[in-house]
Amino acid sequence: MFSKCDIEKYRHTKAPSELKRAVLCATQKNPAPRFMFNIKTISAVAACLLVLIVSVVLLRTPTAPITVTVEELAVVNTVSRFQKSVTLVVESEGKIDVKTKENSFYVYDSESNSFEILNSLKNVKNKLEIIWQVSKDNAILEINGQVFEVFYDGDTSSVQIKEIKK
Amino acid sequence: MKGDTVMAFALDTEIEKVYDEYADQLYRIALSHSGNKEDAMDAVQDVFVKYASINKIFLDEEHRKAWFIRVTVNRCRDLNRKGKVRHYTPLEEVYDVPDKENDLPLRVKEMLEDMPEKFKAVLILHYLEGFSVEETSEILKLSLSAVKMRLSRARDYVKEKHKKEDFYV
């Protein structure tokens, strides 16, 4: 098609010097701000934003209102080692997160058909039943970021739960 | 296509920088299409005026380069269609034309003379400017198969016209 010599000569062809003057003169009146973005930069920024948004959504504490009611003598008859326990029924319009350091809270594990000590549970939907083994000591339970104190009220002979500040 | 990370605001000096970077190549391409120096200069000037007047966002340098080349090719086609390409003296009447800095080698001119526009563009970009078939298809926004077909037909055209069977490239 073309010899190497022809191609080399072709590529040495230069625009006439008068063309530069003409172009600069013609374009002088129409400068426009121009942006160049590297697609990689845009993608990286978009990815970071997406990760940030997802993290915020996933990690945020559920804030839907919760109600905690106490039911006495719930399923404790099947739990022989409990002498006296109550069921705390936690209900929420949204998800439920609970955590505690106490050893007196239990939840029913359907897989093992037994009660397991509650440490923490997250994203439980709408309703959760927690067994509290009644003791003289007050127990602290954190539900959806709110801290509750569970205790036996000797005056009323009932288990009470009240919200306390952290 | 490769690209460096650059974010720049164009001032008046940007036009000059961009001109220095692309003018020679655009001029060669325009000259190959139009066949004469004056029309090539007109086409290149129009391209830079367009560049200066629009507010286009380029992804990277390769994107901008492709834009320049494509607009130059299209501008040359428009000028040809509108009949604004000046009549020039047939090569047979010219003797001992020296290879000037601003003109194409004679043999290249002969090859491109009267070649249909759509063959010219792919042939110039691939064989003369050295773009790969893939790059040519990206610049001209044609499919790979279309570029290959046009290159094949361009070669057939040259073969037929000049009755040569040997390929140098």
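Residues numbered from 1 in each chain as written. Chains lettered and ligands numbered in written order. Predicted model: local features only at pLDDT ≥ 70, side-chain atom pairs only at ≥ 80, totals over all residues. Heavy atoms only, no water.

J.: Teacher, can you tell me more about the overall build of chain A here?
T.: On a plain count of helices and strands, chain A comes out with three helices and eight strands. Looking at chain A as a whole, 34% of its 166 residues are labelled buried. Counted over contacts in chain A with a minimum sequence separation of 6, partners at least 24 positions apart contribute 56%. Summing over all exposed atoms, chain A offers an accessible surface of approximately 10700 Å²; the carbon and sulfur share of this is 54%. (Helix = DSSP H or I, 4+ residues; strand = E, 2+ residues; numbered from the N terminus. Buried < 20%, exposed > 50% of the residue type's maximum accessible area, 1.4 Å probe, protein only. Contact = heavy atoms within 4.5 Å. Areas by Shrake-Rupley, 256 points an atom, 1.4 Å probe, with all protein chains shown as cover.)

J.: In this structure, what is going on with the environment of Arg64(B)? I would like to understand it.
T.: All names here are of chain B. Within the secondary structure, arginine 64 sits in helix 3 (residues 61-81). For arginine 64, a relative accessible area of 5% corresponds to the buried category. In the structure, arginine 64 is positioned 13 residues away from tyrosine 51 in sequence and 9.9 Å away in space, judged by C-alpha atoms.

J.: Mind showing me how you'd approach the confidence of the model for chain B here?
T.: Low-confidence regions, as indicated by low pLDDT, have predicted coordinates that should not be scrutinised in detail. Residues and elements named next belong to chain B. With 76% of its residues at a pLDDT of 70 or more, chain B has an overall mean of 80. Per-element confidence in chain B is highest for helix 6 (residues 133-140), whose mean pLDDT is 93, and lowest for helix 4 (residues 106-112), whose mean pLDDT is 83. Between residues 1-11, whose pLDDT stays under 50, and residues either more than four places distant or in other chains, the model counts 24 contacts. With pTM at 0.52, the complex prediction returns an ipTM value of 0.76. (pLDDT = per-residue confidence, 0-100.)

J.: Would you explain the side chain of Thr136(B) in this entry?
T.: Within the secondary structure layout, Thr136(B) lies in helix 6. For Thr136(B), the residues in contact, after removing those within four places along its chain, are Val122(B), Leu125(B), His126(B), Phe131(B) and Val147(B).

J.: Is there a simple way to explain unusual backbone geometry in this structure?
T.: Residue and element names in this part refer to chain A. Positive phi, normally seen in glycine, also occurs at asparagine 126, with a value near 60 degrees. With respect to the secondary-structure elements, asparagine 126 resides in strand 5 (residues 120-133). Exposure remark for asparagine 126: the relative accessible area of 31% places this residue in the partly exposed category.

J.: Which parts of the structure should I look at to understand the pairing of strand 8 (residues 158-164) of chain A?
T.: Residues in a regular strand project their side chains so that they alternate between the two faces of the sheet. All names here are of chain A. Pairing of strand 7 (residues 146-153) with strand 8 involves seven bridges; the strand directions are antiparallel. From the neighbouring strand, glutamate 149 faces strand 8, where its bridge partner is lysine 162. Here strand 7 hands over to strand 8 after four residues, with serine 157 in that stretch at a positive phi of 50 degrees. (Pairing = 2+ DSSP bridges.)

J.: Explanation requested: the packing of helix 3 of chain B against helix 5 (residues 117-128) of chain B in the structure shown.
T.: Relative placement of two packed helices is described by the angle separating their axes and the distance separating the axes. Residues and elements named next belong to chain B. Interhelical geometry of helix 3 versus helix 5 gives an angle of 150 degrees and a closest axis separation of 11 Å. On the basis of their axis angle, the class for helix 3 and helix 5 is roughly antiparallel. The element helix 3 and its partner helix 5 pack so that their crossing is right-handed. For the pair helix 3 and helix 5, the contacting residues are Ile69, Val73, Arg77 and Asn80 in the first and Glu117, Lys118, Ala121 and Leu125 in the second. When grouped by side-chain class, the residues that make up the contact of helix 3 with helix 5 number four nonpolar, one polar and three charged. (Axes fitted to C-alpha atoms, helices over the stretch in contact; angles between N-to-C directions. Parallel < 35°, antiparallel > 145°, perpendicular 65-115°, else oblique. Left-handed = near helix turned anticlockwise from the far one by under 90°. Nonpolar A, V, L, I, M, F, W, Y, C, P; charged D, E, K, R; others polar.)

J.: Help me understand the environment of Ala15(A), please; the structure alone is not making it clear to me.
T.: Tracing the backbone through its elements, the reader meets Ala15(A) in the loop between helix 1 (4-11) and helix 2 (17-27). Excluding its chain neighbours within four sequence positions, the residues that come into contact with Ala15(A) are Tyr19(B), Ala23(B), Asp24(B), Tyr27(B) and Asn102(B).

J.: What am I meant to see in the pairing of strand 7 of chain A here?
T.: Residues and elements named next belong to chain A. The buried count for strand 7 comes to six of eight residues, which makes it a mostly enclosed element. Where strand 6 (residues 139-143) meets strand 7, five bridges bridge the pair, whose relative direction is antiparallel. Looking across to strand 7, one finds that glutamate 142 is bridged to valine 147. Once strand 6 ends, the chain turns through two residues before running back antiparallel as strand 7, passing asparagine 144 with a positive phi of about 50 degrees.

J.: Mind showing me how you'd approach the nonpolar core here?
T.: Side chains that are nonpolar tend, in soluble globular proteins, to be buried together. By size, the foremost hydrophobic cluster in this structure holds 55 residues, and its most contacted members are Phe2(A) and Phe68(B). Counting residues per element, this core draws most heavily on helix 1 (residues 12-34) of chain B, which supplies 10 residues. Formed by 20 residues, the second largest nonpolar core is a distinct cluster that contains Ile66(A), Phe105(A), Ala139(A) and Leu141(A). (Core = buried A, V, L, I, M, F, W, Y, C linked by side-chain atoms within 4.5 Å.)

J.: How should I be thinking about helix 2 (residues 37-53) of chain B in this particular structure?
T.: In an α-helix there are 3.6 residues to a turn, and that puts residues three or four apart on one side. All names here are of chain B. Between its first and last C-alpha atoms helix 2 spans 24 Å; for 17 residues at 1.5 Å apiece the expected length is 24 Å, and the two agree. All of the buried residues in helix 2 are Asp39, Ala40, Met41, Ala43, Val44, Val47, Phe48, Tyr51 and Ala52. Looking at where helix 2 begins, the residue whose side-chain oxygen comes 3.2 Å from the main-chain nitrogen of glutamate 38 is asparagine 36. (Expected span 1.5 Å × (residues − 1). Polar contact = N/O pair within 3.5 Å; in protein donor to acceptor, adjacent residues only side chain to side chain.)

J.: Could you clarify how one ought to interpret the environment of Glu149(A) in this entry?
T.: Residue and element names in this part refer to chain A. When you line up the elements, glutamate 149 lands in strand 7. Residue classification places glutamate 149 among the buried positions, given a relative accessible area of 14%. Put simply, glutamate 149 and lysine 162 are 13 residues apart on the chain and 5.4 Å apart in space, counted from C-alpha to C-alpha. With near-sequence residues (within four places) excluded, glutamate 149 lies in contact with Asn138, Ala139, Ile140, Gln160, Ile161, Lys162 and Ile164.

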